[in-house]
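Letter by letter, the chains look like this.
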Amino acid sequence: MKNREFIENLILNIISPLISIFIALFFGGIIIYLLGHNPWETYKEVINFALGNPNGWGYVLFNTTSFILAGLAVAIGFKGGLFNIGAEGQILVGGLISALAGLYIAPIFPSFLHLPITLIFSALGGAIWAFIPAILRARLGVHEVINTIMMNWIGYALTNYLVVNTFRERGVLYPLPQTDKLPSSAVLPKLYPIFQKIGINIPESNPVNYALVIAILMVIFTYYLLWKTKLGYEIRALGLNIHASENAGINVKNIILITMLISGAMAGLASINDVLGYRYRYLDNFSHGLGFTGIAVALLGKNHPIGIIFSALLFGALDRMAIGMDVFTHIPREIISVLQAVIILTIVVGNEVLIRFLKKRRKAIYA
Amino acid sequence: MLETIFAWETLTSAIRMATPLAYASLGGVFSERSGVVNIALEGIMLFGAFFAAVGTYFFKNPLIGVLFSIIAGTIIAFIHAVVSIKFKVNQIVSGTALNMLAAGGTTFLSRLIFKAAGSSPHIEGFTPIDIPIISKIPGIGLIFSDLSPLIILMLVIVFMSQYILYKTAFGLRLRAVGENPQAADTLGVNVYKYRYIGVLISGILGGIGGAFLSLEHARVFVENMTGGRGFIALAAMIFGNWKPIGSLGACLLFGLAEALRMRLEGVGIPTQFIQMIPYILTMLVLAGAVGKSTPPSADGVPYEKEEI
Amino acid sequence: MEEIIRLEGITKYFPGVVANDNVSLTIYKGEIHAIVGENGAGKSTLMKIIYGLYKPDKGEIYINGKKVNINSPKIAISYGIGMVHQHFMLIPPFTVIENIILGSEVKNGISLNFKKAEETLNDIINSLGFKIDLYEKVENLSVGEAQRVEILKLLYRRAEILILDEPTAVLAPQEVEELFSILRKLSSQGKTIIFISHKLNEVLNISDRVSVMRRGKLVNTVNTKETNKFELAQMMVGREVFLKVDKAKREKGEEIFRVEDIWVRGRKGLDVVKGVSFNIREGEILGIAGVEGNGQSELIEAIVGLLPLKKGKILFKNKDITLERIRQRRLYFGHIPEDRHKRGLILDFSVAENCILGLHYFDRFSKGIFIDYSKVYKHANEIVEKYQVKTPSIKIPIRNLSGGNQQKIVLGRELSFSPDFLIAAQPTRGLDIGATEFVHQLLVDLRNQGKAVLLVSADLDEILNLSDRILVMYNGEIVGSFSQSEVDEKELGYYMTGVKKQTELKEALI
């Protein structure tokens, strides 16, 4: 009995994601072939580019950092039965507010508080942007899907306006749509010194930074939140059965609101890797679909924090490989979002197929 | 300023802006009346817009363009149908994945095919039509002149759909599988078949809606040019209580907002804020529809035939 | 007699159970054939096989002597078989006629031809002697009317064999009589009727022959005239059953709970509970009888705190708790919800997690903001042991447990904080006889310990067997109040259907 459950879990949680990745890579291979390249050689080249050297590793970890946080954001929503498709907008708003806090609020305080301030404001910004769809869902019952998407567009327009018209960088001849540079006390240091110390020669130019540590802390935080606290119990209960939750005295409206705000805050934090750890400023529309990748990461990681680490690593590597592909073969890097979509579809379909297969097998055992 | 806003031109452009929404919204009606939530409409429109441009660009004929958009829309809808009807996957997840596929896929293909980032070359749409006699009336005649054939087609399809859904056996069955699939099944109605049909119709209509954007509205394909219109169309569908004519009414409201928006450009309001108008309106409309519109009972619920 | 259906060796497996085990049965043309058995005996499965909803794993079906292969309801319909399901298969926003013609529409070009269908239907309705508005929406019909729509659906399709799955479960006694008169007319018109039930009185009243099923097997088929209630009951359970629960007389105790003139507005905006008042004292079971949908569910939801009161007062031991939230009220009473899958359990949570649902914020299960799982597991093990719950582990999803064991978890949880008052809504719905007896005994034990129980049930036998006092709800009001000894099933039926109404409810508040 125990043994069978173990095997079933193994199939569902490990083998099925692997299969979907292979299907996606196969699909990618067909595209590469149709565009006149040798898929095998191309893959070898880009895998080597992404994973064959410490600089590549650094970049993969750098990508992974944002993906973990975005994936956690979406997964927390899913666990509470909420679709936060608005992570993209929450990331943009969180990033901008974090940068503005670093530029205009932090200097009022002693320098050891600068970094905590930028971090907290990134989460706060994300939560603020999640608040409107959250309150509309909790109080009026408007489904969050369309509203979170609308908030993405509104967030995109608003941050664009603010960074182009109000907070554009000063003192340069041709200013980009980005803010001024943040003081070094308000940003996250790079991680290469640590890696170099343990013999991994990641170059100084590599962007991997302390946001990675924060992401891992957030993985632990999310695990404890969902599975060890009363709040987490209520969030999961709500996600599985709203009627029973209501009957159990769970304040459904509050939990919807809180879940959405935590999800939004986590999405806001997903901005720090870029804003505080890489560019040290907010660049217009820097997120490039990170919020949507978060959906893929969460689904592939089965909405479990540990699963999300692995799926974020995978997407981190794929993203780096896509850049390699663009460089070597001039195949547009948007291929990556095509593959992400293929992975989502195959993972969810694969799940269903496997669950049905396991059910049938169970029936056969009994019969 | 006021007279420019409240001119016949505004109304004309409101109808133009409402057209792609109305196609998609009507697609949503067919899909959701059969019980399948289709947020992939955004992606379907985007694929429709792209392939309409491709077809028209290579064959120099907008009709081929529309045909391409229908095929593309149907294929995406078919994937959504298989994933959500056959495999019973969460329909929002499926729709989101397809929207990502559309955003990435059209950009990818656009850069490959047109060898340029951002947009396609200029394409020629349909020759506009004047409705005889009425178009000569001053003022109101403006609405009936210089019309895209796709606008006329849209109006025909909307009224036809209202009839089909409420007066024919097909419509009765389609609505039945969206309300209580089990009941329909016990009466020998093939639930899966009608759901497939509902979703595929949404693919066809969503595709044409997208074609209107690239062929008739912009005369060029621009990356991610749908800009959330698929979702706005769904909001219109909800506001229209999942009924064809109701949805058309809601789309006209959105069309008017877009028309006014275009009039507002250049009066000193920052473009970004003007851009927000349809999105904010969508959220207001959804909040306003709460408690006033009722979705089909089995909307979004996969049908599991009781057969173990 | 002419045979119309013959089943040979029908076997059907479900995960973990054999639902039908080598069942052979012959049905004759024109008879009313009852099939009785406990919940889970395999009656419904067998009928769904005949109707093409399930595929049998083994066995053959013959219709009029010819072997047939019924893969879908469509094929069943073509053989003249029709089925009225236990849960009505109706589409509420559609009209009666739309519901009836769906799938077998008469067309006029491409449009629906309602006139033609109406003619056919009027003939059928007249021959059966009842009335129904074909253009009324089904959502506005009473349960009895909705059932007639279901029967019309079958007759419209020229069904010769009508299968009715527990048709009386939702009806008041007088409505049952009306149904039976329709069935007798149908039988006299030469239709064959298969009637599934576990109510033996009804079966003896209506049927020509009775087949008894137990644990998937067909035990026996007997002529109704040659059998009796006790023989059938014994065949159903495989042992002697005590149809009455023993209950010692008790003295009137202190008042535990009281509601005064409560009004509740339903989800559709209409008043569904209209000025209900009653009290419950220590050591008594107060039963609320009524046809489902007459406000009982909303009454309970309002008491528990799920629906707001429009007017009125709720008192627990003389303390006004009207304005308290669900969480505060939970400390006063245990609550067995009427639909345990919807409200009582989270099927994908583990057994242990379900054991604290609604109690999870109690100090005894927590350490600050954290849940203390070691205490949760201890608590769950106690419940499993005390109520003899059959489960391989407390860490598996509760979905995997049988209905009876799930209900034991709900009971165990709700009684784990020793409340003085228990609200039990449909506490034995869907349970087999063994589990039902267990629950009944438990309720009586609570009463004997001096606790108060509010029992809401659609099962009149349950109400009559257990209650010390009985109230009847009709159309949102209490229309009758009785002490147990002064009323019988038939009398209750008059009140449940609104035929009779007491002006003075002397037994509601004592």
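Residues numbered from 1 in each chain as written. Chains lettered and ligands numbered in written order. Predicted model: local features only at pLDDT ≥ 70, side-chain atom pairs only at ≥ 80, totals over all residues. Heavy atoms only, no water.

Colleague: Can you tell me about helix α13 (residues 290-300) of chain A, naming the residues and giving the values?
Modeller: Residue and element names in this part refer to chain A. The buried fraction of α13 is high, at 10 of 11 residues. Taken as a whole, α13 has its buried residues at Leu-290, Gly-291, Thr-293, Gly-294, Ile-295, Ala-296, Val-297, Ala-298, Leu-299 and Leu-300. At the C-terminal side of α13, Lys-302 shows a positive phi close to 55°. (Buried < 20%, exposed > 50% of the residue type's maximum accessible area, 1.4 Å probe, protein only. Helix = DSSP H or I, 4+ residues; strand = E, 2+ residues; numbered from the N terminus.)

Colleague: Tell me about helix α1 (residues 43-50) of chain C, and please be specific about residues and values.
Modeller: All names here are of chain C. The buried fraction of α1 is high, at seven of eight residues. Of all the positions in α1, only Lys-43, Thr-45, Leu-46, Met-47, Lys-48, Ile-49 and Ile-50 are classed as buried. Downstream of α1 by a residue or two, Gly-52 has a phi angle that is positive, lying close to 85°.

Colleague: Lay out the interface of chain B and chain A in plain terms, naming residues and giving numbers.
Modeller: Each side of the interface is counted separately: chain B has 43 residues, and chain A has 44 residues. Taking both sides of the interface into account, the surface hidden between chain B and chain A amounts to around 3600 Å²; carbon and sulfur atoms contribute 84%. Together, Met-100, Phe-108 and Met-283 of chain B form the three largest contributors to the area buried by chain B at its contact with chain A, with a combined 20%. Inspection of the chain B/chain A interface yields one salt bridge. Its salt-bridge partner being Arg-111 of chain B, residue Glu-334 of chain A comes within 3.5 Å of it at the nearest N-O pair. Across the chain B-chain A interface, the total number found is two residue pairs in polar contact (both at pLDDT 80 or more). Taken together, the elements giving at least two residues each to the side of chain B that touches chain A come down to α4 (62-86), α5 (91-113), α10 (229-239) and α12 (271-289) of chain B. (Contact = heavy atoms within 4.5 Å. Buried area = accessible area lost by both parts, 1.4 Å probe. Salt bridge = Lys/Arg side-chain N within 4 Å of Asp/Glu carboxyl O. Polar contact = N/O pair within 3.5 Å; in protein donor to acceptor, adjacent residues only side chain to side chain.)

Colleague: Tell me what's going on with the packing of helix α5 (residues 143-156) of chain C against helix α6 (residues 173-188) of chain C, and back it up with residues and numbers.
Modeller: Residues and elements named next belong to chain C. α6 packs onto α5 with a crossing angle of 15° between their chain directions and a minimal axis gap of 11 Å. Relative to α6, α5 is oriented roughly parallel. Here the hand of the crossing between α5 and α6 comes out right-handed. Contacts between α5 and α6 involve Gly-144, Gln-147, Arg-148, Ile-151 and Leu-155 on the former and, on the latter, Glu-175, Glu-178, Leu-179, Ile-182 and Leu-186. Partitioned by chemical class, the residues of the contact of α5 with α6 number five nonpolar, two polar and three charged. (Axes fitted to C-alpha atoms, helices over the stretch in contact; angles between N-to-C directions. Parallel < 35°, antiparallel > 145°, perpendicular 65-115°, else oblique. Left-handed = near helix turned anticlockwise from the far one by under 90°. Nonpolar A, V, L, I, M, F, W, Y, C, P; charged D, E, K, R; others polar.)

Colleague: Kindly report on the interface of chain C and chain A, identifying the contributing residues and their values.
Modeller: Taken together, the 33 residues of chain C in the interface contact 24 residues of chain A. Overall, the association of chain C and chain A removes approximately 2500 Å² of surface from exposure, summing both partners, and the carbon and sulfur fraction of that is 59%. For Arg-236 of chain A, the salt bridge identified is with Glu-353 of chain C, shortest N-O distance 2.9 Å. Our enumeration of links across chain C and chain A arrives at 18 residue pairs in polar contact (both at pLDDT 80 or more). Counting residues per element, the ones that place at least two in the side of chain C that touches chain A are α10 (326-329), α11 (340-344) and β20 (370-371) of chain C. Residue contributions to the side of chain C that touches chain A peak at four residues, all from α11 of chain C.

Colleague: Give me the lowdown on the UniProt feature "transmembrane region" (unreviewed entry) in chain B, citing residues and values where you can.
Modeller: Taking the numbering used here, the UniProt-annotated feature "transmembrane region" (unreviewed entry) corresponds to residues 36-58, 64-85, 97-114, 147-166, 196-215, 231-257 and 269-290 of chain B. The distance separating the terminal C-alpha atoms of residues 147-166 of chain B is 29 Å; by composition the span is 90% helix and 0% strand. (UniProt positions renumbered as here; feature names shortened; annotations may be inferred.)

Colleague: Outline the domain arrangement of chain C, listing residues and values.
Modeller: How big an interface is tends to be expressed through the accessible area that disappears when the partners come together. Along its sequence, chain C is organised into domain 1 (3-237), domain 2 (245-332 + 420-510) and domain 3 (335-418). If you average the C-alpha positions of domain 1 of chain C and of domain 3 of chain C, the two centres end up 38 Å apart. (Domains from an automatic or database assignment.)

Colleague: So what about the sheet that holds strand β3 (residues 32-36) of chain C? Which residues, and what values?
Modeller: Residues and elements named next belong to chain C. Pairing is mixed across the open sheet formed by six strands, whose spatial order is β6-β9-β10-β3-β11-β12. At either margin of the open sheet sits one strand with a lone partner, and together these are β6 (81-84) and β12 (217-223). Strand-to-strand twist in this sheet, taken as the mean axis angle between neighbours without regard to direction, amounts to 20°. Where β3 meets strand β10 (residues 192-197), five bridges bridge the pair, whose relative direction is parallel. Bridge pairing in β10 places Ile-35 opposite Ile-196. Of the strands in this sheet, β6 and β9 (161-165) are in contact with α5, which crosses β6 at around 170°. Here helix α8 (residues 229-237) sits on the sheet and contacts β3, β11 (209-214) and β12; the angle it forms with β11, its principal contact strand, is near 30°. (Pairing = 2+ DSSP bridges.)

Colleague: Explain the pairing of β9 of chain C to me, and be specific about the residues and the numbers.
Modeller: Residue and element names in this part refer to chain C. In terms of burial, β9 is a largely internal element, five of the five residues being buried. What you see with β9 is no split at all: Ile-161, Ile-163 and Asp-165 on one side and Leu-162 and Leu-164 on the other are buried throughout. Relative to β9, β6 is paired through four bridges, and the arrangement is parallel. Following the sheet pairing, Ile-81 is matched in β9 by Ile-161. Bridge count between β9 and β10: five bridges; the pairing is parallel.

Colleague: Summarise the packing of aromatic side chains; cite the residues concerned and give the values.
Modeller: Here the structure, examined in full by the defined rule, presents 30 aromatic pairs over all chains. Seen from their ring centres, Trp-153 of chain A and Tyr-279 of chain B are 5.5 Å apart, and the 15° between their planes marks the pair as stacked. Highlighted residues: Trp-153 of chain A in helix α6 (residues 144-166) and Tyr-279 of chain B in helix α12, drawn from two different chains. Look at Phe-50 of chain B and Phe-51 of chain B: their rings are 5.0 Å apart centre to centre, the planes differ by 80°, and that puts the pair in the edge-to-face class. On the accessibility criterion, Phe-51 of chain B (22% relative accessible area) is partly exposed. By way of ring pairs, the aromatic residues Phe-47, Phe-50, Phe-51, Tyr-57, Phe-58, Phe-114 and Phe-221 of chain B are connected into one cluster. Its guanidinium or amino end placed over the ring of Tyr-59 of chain A, Arg-320 of chain A lies 4.0 Å from that ring's centre, counting from NZ or CZ. Directly above the aromatic system of Phe-130 of chain C lies the positively charged group of Arg-148 of chain C, at a separation of 5.5 Å from the ring centroid. (Phe/Tyr/Trp six-rings, centres within 6.5 Å; stacked < 30°, edge-to-face > 60°. Lys NZ or Arg CZ within 6 Å of the ring centre and 35° of its normal.)

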